[in-house]
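# Fold and contact review
What follows is the residue order along each chain.
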Amino acid sequence: MNQRLIAGKSITEWKADHPLLEQIIETEEVWWANPNYTDFSEVIDKLSLELKDVEEAEARLKRFGPYLSHVFPETRPSKGIIESPVVNISDFKKKLERISGQELLGELLLKCDNQLPIAGSIKARGGIYEVLKHAEELAIEEGLLSLDDDYSILATDKFKEFFSKYSIVVGSTGNLGLSIGIMSAKIGFKVTVHMSIDAKEWKKKLLREQGVEVVEHTADYNQAVEEGRKQAEADAKSYFVDDEQSVDLFLGYAVAALRLKEQLAAMDLEVSSEQPLFVYLPCGVGGGPGGIAFGLKLLFQDNVHCFFVEPTHSPCMLLGLLTGQHNRVSVQDFGLDNRTAADGLAVGRASAFVGQMIEELLSGIYTIEDQKLYILLSYLFELEGIGLEPSAAAGLVGPVRLLNEKAGREYLKDNNLLAKLEDAIHIPWATGGSMLPSQVMEDYYQHGCQLRREL
Ligand SMILES: *Cc1c(COP(=O)(O)O)cnc(C)c1O
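Residues numbered from 1 in each chain as written. Predicted model: local features only at pLDDT ≥ 70, side-chain atom pairs only at ≥ 80, totals over all residues. Heavy atoms only, no water.

## Details of the side chain of Asp242
Mapped onto the elements, Asp242 comes out in the loop between β9 (238–241) and α12 (247–266). The class for Asp242 is buried, based on a relative accessible area of 11%. Once residues lying within four places of it in the same chain are set aside, the contact partners of Asp242 are Arg229 and Leu249. (Helix = DSSP H or I, 4+ residues; strand = E, 2+ residues; numbered from the N terminus. Buried < 20%, exposed > 50% of the residue type's maximum accessible area, 1.4 Å probe, protein only. Contact = heavy atoms within 4.5 Å.)

## What about the sheet that holds strand β7 (residues 190–195)?
One open sheet accounts for four strands, arranged β8-β7-β6-β9; its pairing is parallel. Whereas interior strands pair on both sides, the edge strands pair on one side only; in this sheet they are β8 (213–216) and β9. Along the sheet, successive strands turn relative to each other by an average axial angle of 20°, direction set aside. Sheet analysis places strand β6 (residues 167–172) next to β7, joined by six bridges and oriented parallel. Each residue of the ladder has a partner; that of Ile168, found in β7, is Val191. (Pairing = 2+ DSSP bridges. Axes fitted to C-alpha atoms, helices over the stretch in contact; angles between N-to-C directions.)

## What to know about a negative patch on the surface
On the surface, Glu103, Glu274, Glu422 and Asp423 cluster together to form a negatively charged patch. One can find Asp423 in the loop between α18 (406–414) and β13 (425–430). (Patch = residues over 30% accessible without salt bridge, like charges linked within 9 Å, V, L, I, M, F, W, Y side chains within 5 Å. Areas by Shrake-Rupley, 256 points an atom, 1.4 Å probe, with all protein chains shown as cover. Salt bridge = Lys/Arg side-chain N within 4 Å of Asp/Glu carboxyl O. Lys, Arg positive; Asp, Glu negative; His and termini not counted. Charge placed at Lys NZ, Arg CZ, Asp CG, Glu CD.)

## Some thoughts on the site of the ligand
Near the ligand there are 15 residues, and of these Lys123, Asn175, Gly284, Gly286 and Thr431 occur at the shortest range. Between an oxygen atom of the ligand and a main-chain N or O atom of Val285, the distance comes to 3.0 Å. Within the backbone of Gly286, a nitrogen or oxygen atom sits 2.7 Å from an oxygen atom of the ligand. Here the ligand loses 98% of its free accessible area of 380 Å² to cover by the protein chains. Examining the composition of the shell around the ligand, we find that three residues originate from one element, helix α13 (residues 287–300), more than from any other. Taken together, the residues of the shell around the ligand sort by class into five nonpolar, eight polar and two charged. (Near = heavy atom within 4 Å. Polar contact = N/O pair within 3.5 Å; in protein donor to acceptor, adjacent residues only side chain to side chain. Nonpolar A, V, L, I, M, F, W, Y, C, P; charged D, E, K, R; others polar.)

## Brief notes about the pairing of β13
The two faces of the sheet receive side chains in turn, since in a regular strand these alternate between them. For β13, the buried fraction is high: six of the six residues fall into the buried class. Alternating positions in β13 separate into two faces, Ile425, Ile427 and Trp429 on one and His426, Pro428 and Ala430 on the other, with burial throughout. Alignment of strand β5 (residues 107–112) against β13, held across four bridges, turns out to be parallel. Pairing of Glu107 across the sheet is with Ile425, part of β13. As judged from the four bridges shared by strand β10 (residues 277–282) and β13, these two strands associate in the parallel manner. By the bridge assignment, Phe278 is partnered in β13 with His426.

## Some points on the sheet that holds β10
What the seven strands build is an open sheet, ordered β3-β12-β11-β10-β13-β5-β4; its pairing is mixed. If you trace the sheet from one side to the other, it starts and ends with β3 (31–33) and β4 (86–88), each paired once. On average, adjacent strands in this sheet sit at an angle of 25° to one another, irrespective of strand direction. Bridge analysis of β4 against β5 gives three bridges, and the strand direction is antiparallel. Bridged to Asn88 within β5 is Leu109. In the packing of α13 onto the sheet, the strands contacted are β10, β11 (304–311) and β13, and the crossing angle to β11 comes to about 170°.

## Some thoughts on the nonpolar core
Note on soluble globular proteins: their nonpolar side chains tend to be buried together. Grouped together as the largest cluster of nonpolar side chains are 163 residues, with contacts concentrated most on Tyr67, Phe163, Leu277 and Phe294. At 11 residues, the largest contribution of residues to this core is made by α12. Summarising the domain contributions, this core has at least three residues from each of domain 1 (11–49 + 74–119 + 248–454) and domain 2 (122–243). With near-sequence residues (within four places) excluded, Leu277 lies in contact with Leu260, Leu264, Val271, Phe300, Asn303, Val304, His305, Ile425 and Ile427. (Core = buried A, V, L, I, M, F, W, Y, C linked by side-chain atoms within 4.5 Å. Domains from an automatic or database assignment.)

## Some thoughts on the environment of Leu147
With respect to the helices and strands, the residue Leu147 is situated in the loop between α7 (123–141) and α8 (157–163). For the pair formed by Leu147 and Gly344, sequence separation is 197 residues and the distance between their alpha carbons is 35 Å. Not counting residues up to four positions away in its chain, the partners in contact with Leu147 are Arg63, Glu136 and Ile140.

## Quick word on the pattern of salt bridges
Under the criterion given, the structure shown has 28 salt bridges. In this structure, Asp248 and Lys133 form a salt bridge, with 3.1 Å as the shortest nitrogen-oxygen distance. In this pair, Asp248 is assigned in helix α12 and Lys133 in helix α7, connecting sequence segments 115 residues apart. Lys133 carries the same exposure label as Asp248, and that label is buried. Close ionic contact of Glu227 with Lys230 constitutes a salt bridge, the shortest N to O distance being 3.6 Å. On the criterion of helical spacing, the pair formed by Glu227 and Lys230 is a turn pair, its members being three residues apart in helix α11 (residues 221–233). On the basis of relative accessible area, Glu227 is assigned to the partly exposed category, the value being 25%. The network of salt bridges with shared partners includes Glu29, Glu369, Lys372, Arg401 and Glu405.

## Notes on unusual backbone geometry
Positive phi values are uncommon outside glycine, yet Thr27 reaches one of about 55°. Checked against the element boundaries, Thr27 lands in the loop between α2 (20–25) and β3. Of note in this structure, Asp268 is not a glycine but carries a positive phi near 65°. Along the polypeptide, Asp268 turns up in the loop between α12 and β10.

And the structure:
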């Protein structure tokens, strides 16, 4: 039989090397324990970024605090710092225990990036950071700004006029476009967002209302990114936010770890070998979850255990890491369609930059069916009053899957964690949702309730 080759091997050969591929290709839910997971101390020196880089990003965001609190009044209470709460979800926890039949020891907390100001998703971290960094560099180069200025001057007409000579371009499945679009338009840049086929209508409409140019593509995310890259290359005053390779996006996301450490301390929780932290991060191209996992590893090292979650139809990071081929393979290569209700995760080819950064830091990846996302978001909405988009619900089931899956339990055993579960902290990362129009949220909720009845 003459089989098409994927990164040099036939599907049969790939499956022989990695039997889990059988289930992945059948879009069954899987749990993958990362065989390359390594002690932090052996990994850190090999990486191109370090804690200092994350702290620099945090300092830059602080400089922009006065500007942000000026132009986005919703950030005034936090002095222009874009951050989200961590909350206890004990009612949801009880429900999860009941529907899974699995007792959950330890704390279950939700990191509510769905409530991040300005863009309502995790993209408000990396996306806004990168736009601000670019603006700062341009203004400093022009001699208009110095590092110790009060950055609220950036809101004046002089700066808006200056920035209007420059443009920003990005490709997105929706939320990165929202974040980059809203921030760029506010500071004065011309901005174009190339949206993939997955992008929701309301996200495009909202952006157009803000004066953002939205280009709609009938192709998927990686193609939308390609189109954006081409457009930006043709214009010297144009800056392309490269979701597949950007170090700045990654660092902007990583700042979340510094903030989370403070938030846990304020709740009297200190991550340690006796009190391990487990985080469950929904993954698209990888930058958001990768940056956050990287930041958390810098702070908590072997006491934090990071898991990514992907839809069964778009497990691009899983395929990239499992095959070791990163962006040389796509979900389509393995016959998957990359169609998922989790629009924020509808990515067919993962970032190689992120894959390489995390390949020894990540504990594992699990995949989840779309229907479960609706069910989970419906329970969370009903019991905790928190509204999430489907992508953002993917981490909610992580603690249960960790305990119920054979490979999950083995991970716990191999890392001497079984005896520590009573004191463990589990944090599903809720990555988006507060900007959903209420009717869309209601439809998601109703759909989840319908699926619950059919179970
Ligand atoms: C973008 C996104 C993610 C994943 O981030 P990546 O950087 O693409 O991996 C998760 N959830 C939501 C809601 C998102 O918009």
